[in-house]
Amino acid sequence: MFGRRNEGQPVPRKPVVPQPAAARAETSAAPAAASAPAAKSPVAKPAAAKPTARASDHRSENYYQIKTTIFNALIDTIDLTQLAQLDAESAREEIRDIVNEILSIKNVVMSISEQEALLQDICNDVLGYGPLEPLLARDDIADIMVNGCERTFIEVNGKVELTNIRFRDNSQLMNICQRIVSQVGRRVDESSPICDARLPDGSRVNVIVPPLAIDGPALTIRKFRRDKLMMNDLVQYNSISQEGAEVLGIIGKVRCNVLISGGTGSGKTTLLNCLTGFIETDERVITCEDAAELQLQQPHVVRLETRPPNLEGQGQVTMTELVRNCLRMRPERIIVGEVRGPEAFDLLQAMNTGHDGSMGTLHANSPREALSRLEGMITMGGYQLPSKTIREMICGSIDVVIQAARLRDGSRRITHITEVLGTEGDVIITQDLFVYEMDGEDENGRIIGKHKSTGIARPAFWDRARYYNQHHALAAALDRAQG
C-alpha cells in the first residue's frame, strides 16, 4: 500500500529526517513504539483475553492506552515523507487502512462506533490539531481554553464549561501549539514562550508555555463563526434594536470615524466586522492587526499584520509602523483591529487628515473611559503635548463611540451609541443616542432589558448624513426609536 515503509516485517524507528511539520511534531511526541503489523491476519482469540476500549464521550484510561499503542505502531509503520505528498483525503484513507490492520494484529476488540472514534482521533493527531479538532468543528463554541494536557474548557452561549477533551501528555499539546503558530511563520518554545497567532479561518490564538506556564502549555483560541454575522443577526440576537441597527448602518455609510469600546469577549471584533459591511465596494480599505482576524468582504482590501522580533531581537514591526505606512498607501479607510499603544496618535491623525470612515477597537468599560484611555495611550507614546491639545485632537477625530458589553448571563449587548461633540474647557462633551437599560431577569437568570433612544432628533453627524443623502433614513429611524 502506498505510504508504507515495507509490506513485510516492520521497520525499526529511524533517525528523524526532514518531515512535514504536522507529522514531525507527532513523531517527536511519541514514546517508544510497539511493533508494527505484518500483512497476515491474526488467529482469533477468545474475547475475554483481548484488550477492549470504550469510545464514549467519557473515555477511559484504557482507551487512551490503546490509542497510544496504536499511534506508536502507526508512526513506525508509515512513511511520513510519502504521506506528506498525498492530499488530505488520500492521506486520511491511508492512515485508516493501516490503523485497521494494526487493530487486527493487536487483537483489539472494538465495536464499529468505537473503532470509528479511534480512527478519527488518530487521523486528527497526525493530520490536524489532535483532540482539538471536534471542538474546532463546532460552530456554537466561542472560546477554547486548554489548561495543560488534562483540562480543556469551552465557552458556549456565554457560559464556560469543562469538557472531557484531554491530550496524551504535555508534549503532544506543545507539538500542536507549535504546529498552529508555525503556519503563520511564528515560533513558541522556552526561549520565546509567548506567542499570538491565528488559525486558517482567522480564529485568534494565544499560546504561553513553560517556564512561564507552570502546569504545562496554556492554549486559548477565540473561535470565529463560519458564517459571518451581519447587522440583522445582531438584531435577532437582541444585541441591538432594529432602529439602533439602522442608525449604525447609516454611521458606517456616511463615513463617521468610529471607536468601538468594550471588555474582553464583549463582541468588539464581531461588531467591527458588521460595520465594515456598510463600506462601499469601490473604497480602498487597509486593515492593521496584531493577528489578522477581520473578515472584510469588499474587493479592494489590503490586510497588514504586525511581526514579533526574531531570536536576535531584530525584525519587529509594530502597530505604529503599520499605521504610519498606511498613510503612504492611498487608503480611503484605515481599520485598526485593536488600539492599545502609541499607534492611537497616528490613527487619530489619519482620521483628521482625510481618511474619514476609519475605525478601531479598544478595551474600556464605557464611552467616556474609552476616550480617557485613548488620551493615556497617546501620553504613554512619549508625545509631549498638553492634555487640552490631545483632547481637542480626539474630539476632532472621533465622531461616534459604540460600547459593547458582555452581561453576567453571558449575553452580549451594544449598551451605548455615543457621539463626541467637542470640549468644554478641559472636558470632552459626549451625547448618547441609544442606551441599553436592564429591567431585571427572568426565571432562568437571563437579563431582561431593551434599547432606548435618548430623544436626540438631530445628531451631530446630521450634516454628514445629508451630504450622503442618508438624512431621511436617519430621521425615520430616530423617530421610530422615540415612538
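Here the residue index of a chain counts from 1 through its sequence in written order. Selection of residues for local features in this predicted model requires a pLDDT of at least 70, selection of side-chain atom pairs for listing and counting requires 80 or more, and totals for whole chains, interfaces and linings are taken over all residues. Each side-chain value is derived from all of the structure's non-hydrogen atoms; neither hydrogens nor water enter the calculation.

**Considerations on the sheet that holds strand β13 (residues 412-424)**
So, step 1. For two strands to pair, DSSP has to find at least two bridges joining them. To qualify as a helix, a DSSP run of H or I must reach at least 4 residues; to qualify as a strand, a run of E must reach at least 2; elements of each kind are numbered from the N terminus. Spatially, β9-β8-β10-β11-β7-β12-β13-β14-β15 is the arrangement adopted by the 9 strands of the open sheet, whose pairing is mixed. With one partner strand each, in any of the chains shown, β9 (301-305) and β15 (447-453) form the two edges of the open sheet. Recorded for the sheet is a direction-independent mean angle of 25° between the axes of neighbouring strands.
So, step 2. Inspection of the sheet shows strand β7 (residues 258-262) paired to strand β12 (residues 400-406) by 5 bridges, in the parallel sense. Bridge pairing links Gly262 to Ala404 in β12.
So, step 3. Any two residues whose heavy atoms approach within 4.5 Å at even a single point are treated as in contact. All axes here are fitted lines through C-alpha atoms, helices being fitted over the stretch that makes contact, and every angle between N-to-C directions spans 0 to 180 degrees. The sheet contacts of helix α13 (residues 367-380) involve β7, β11 (359-363), β12, β13 and β14 (427-441), and relative to β14 the element is tilted by about 135°.

**Considerations on helix α11 (residues 319-326)**
So, step 1. Residue burial is assigned from relative accessible area. The probe radius is 1.4 Å, only protein chains are included, and a residue is buried under 20% of its type maximum, exposed over 50%, and partly exposed in between. Among the residues of α11, Met319, Thr320, Leu322, Val323 and Cys326 are the ones counted as buried. Seen along its axis, α11 keeps its buried residues to an arc of 160°; they face one direction. Summarising the geometry, the arc corresponds to the directions from the helix axis toward the C-beta atoms.

**Side note on the nonpolar core**
So, step 1. Core analysis: the largest hydrophobic core is formed by 36 residues, its most contacted members being Leu248, Ile251 and Ile417.
So, step 2. For this core, the leading source of residues is helix α9 (residues 242-253), giving 5 residues.
So, step 3. Those residues in contact with Ile251 that sit more than four places away from it in its chain are Cys256, Val258, Val400, Ile417 and Phe461. Grouping buried Ala, Val, Leu, Ile, Met, Phe, Trp, Tyr and Cys residues that are joined through side-chain atoms within 4.5 Å yields what is termed a nonpolar core.

**Overview of the pairing of strand β4 (residues 194-198)**
So, step 1. Only one face of β4 is covered, namely the one carrying Cys195 and Ala197; the face carrying Ile194, Asp196 and Arg198 has none of its residues buried.
So, step 2. Counted between consecutive antiparallel strands, the loop separating β4 from strand β5 (residues 204-208) contains 5 residues, among which Gly202 sits at a positive phi close to 95°.

**A short note on the sheet that holds β5**
So, step 1. Pairing is antiparallel in the open sheet, where 6 strands are placed in the order β3-β2-β1-β6-β5-β4. With partners counted over all chains shown, the strands left at the sheet margins are β3 (159-162) and β4, one partner each. Between one strand and the next, the sheet's axes are offset by a mean angle of 15°, whatever the strand orientation.
So, step 2. In the sheet, strand β2 (residues 151-156) pairs with β3 via 4 bridges, with the strands oriented antiparallel. Looking across to β3, one finds that Glu155 is bridged to Val160.

**Some remarks on the pattern of salt bridges**
Where charged atoms from two side chains of opposite charge approach closely, those side chains can pair.
So, step 1. Here, a salt bridge means any side-chain nitrogen of Lys or Arg that lies within 4 Å of a carboxyl oxygen of Asp or Glu. In total, this model carries 19 salt bridges according to the counting rule given.
So, step 2. For Glu283, the salt bridge identified is with Arg255, shortest N-O distance 3.8 Å. Of this pair, Glu283 sits in the loop between α10 (268-276) and β8 (285-289) while Arg255 sits in the loop between α9 and β7, placing them 28 residues apart in sequence.
So, step 3. Of the residues examined, Arg255 reaches a relative accessible area of 14% and is grouped as buried.
So, step 4. For the salt bridge of Arg391 with Glu375, the shortest nitrogen-to-oxygen distance reads 3.0 Å. Here Glu375 lies in helix α13 and Arg391 lies in helix α14 (residues 387-397), a separation of 16 residues in the sequence.
So, step 5. We classify Arg391 as partly exposed; its relative accessible area is 22%.
So, step 6. Judged by its relative accessible area of 12%, Glu375 is buried.
So, step 7. Ionic contacts of the salt-bridge type, sharing partners, join the residues Glu155, Arg406 and Arg412 into one network.

**Description of the side chain of His471**
So, step 1. Looking at the element boundaries, His471 is found in helix α16 (residues 471-482).
So, step 2. On the basis of relative accessibility, which here comes to 11%, the residue His471 falls in the buried class.
So, step 3. Here the side chain of His471 touches His472 through a polar contact of 3.2 Å, side chain to side chain.
So, step 4. Once you skip the residues sitting within four places of it in the chain, His471 turns out to touch Trp462, Ala465 and Arg466. In protein, a polar contact means a hydrogen-donor-capable atom and an acceptor-capable atom, both N or O and within 3.5 Å, with residues adjacent in sequence counting only if both atoms are side-chain atoms; elsewhere, any N or O pair within 3.5 Å suffices.

**As for the packing of helix α12 (residues 343-351) against α13**
So, step 1. The contact between α12 and α13 brings their axes to 7 Å, and the two run at 115°. For the element pair α12 / α13, the angle class is roughly perpendicular. For the pair α12 and α13, contact is made by Ala344, Phe345 and Leu348 and by Leu374, Met377 and Ile378, respectively.
So, step 2. Three classes are used, and their members are as follows: Ala, Val, Leu, Ile, Met, Phe, Trp, Tyr, Cys and Pro are nonpolar, Asp, Glu, Lys and Arg are charged, and the others, Gly among them, are polar. The class makeup of the residues in the contact of α12 with α13 is 6 nonpolar, no polar and no charged. Should an angle fall under 35 degrees it is taken as roughly parallel, and over 145 as roughly antiparallel, whereas 65 to 115 is taken as roughly perpendicular and any remaining angle as oblique.

**What to know about the side chain of Ser453**
So, step 1. Structurally, Ser453 can be placed in strand β15.
So, step 2. A polar atom in the side chain of Ser453 sits 3.1 Å from the backbone nitrogen of Gly455.
So, step 3. Setting aside residues no more than four positions away along its own chain, Ser453 makes contact with Leu433, Phe434, Ala481 and Gln482.

**Observations regarding the state of the cysteines**
So, step 1. In this description, a disulfide is simply a cysteine sulfur pair whose atoms lie within 2.5 Å. In total, this model carries 0 disulfides according to the counting rule given.
So, step 2. Free cysteine: Cys326, not disulfide-bonded; nearest cysteine sulfur from Cys288 at 3.2 Å.

**Observations concerning the pairing of β15**
So, step 1. One ladder, built from 7 bridges, connects β14 with β15; its direction is antiparallel. Along β15, the bridge assignment pairs Met438 with Gly449.
So, step 2. Linking two consecutive strands that pair antiparallel, namely β14 and β15, is a turn of 5 residues; a positive phi of about 85° is found at Gly445 within it.

**Focus on the environment of Arg168**
So, step 1. Following the sequence through the fold, Arg168 ends up in the loop between β3 and α7 (170-182).
So, step 2. Overall, Arg168 belongs to the buried group, its relative accessible area being 14%.
So, step 3. Taking the C-alpha atoms as reference points, Arg168 and Cys149, 19 residues apart in sequence, are found 6.9 Å from one another.

**Focus on the packing of aromatic side chains**
So, step 1. Ring geometry is summarised as follows: Phe, Tyr and Trp rings, the Trp one being its six-membered ring, pair when their centres sit within 6.5 Å, and such pairs are stacked at plane angles under 30 degrees, edge-to-face over 60 and tilted between the two. Overall, the coordinates contain 1 aromatic pair when judged by the stated rule.
So, step 2. Geometrically, the ring pair formed by Tyr467 and Tyr468 is edge-to-face, given 5.0 Å between the ring centres and 85° between the ring planes.
So, step 3. When its relative accessible area of 67% is taken as the criterion, Tyr467 is described as exposed.
So, step 4. Judged by relative accessible area, Tyr468 falls into the partly exposed class, the value being 31%.

**A word on α9**
So, step 1. The span you would expect from a helix comes to 1.5 Å times its residue count less one. When the terminal C-alpha atoms of α9 are compared, their 17 Å separation across 12 residues agrees well with the 16 Å that a helix rising 1.5 Å per residue should span.
So, step 2. Within the span of α9, buried status applies to Gly244, Ala245, Val247, Leu248, Gly249, Ile250, Ile251 and Gly252.
So, step 3. Where α9 ends, the next residue or the one after it, Arg255, has phi of about 65°, a positive value.

Interpretation in functional terms is not warranted from these geometric data alone.
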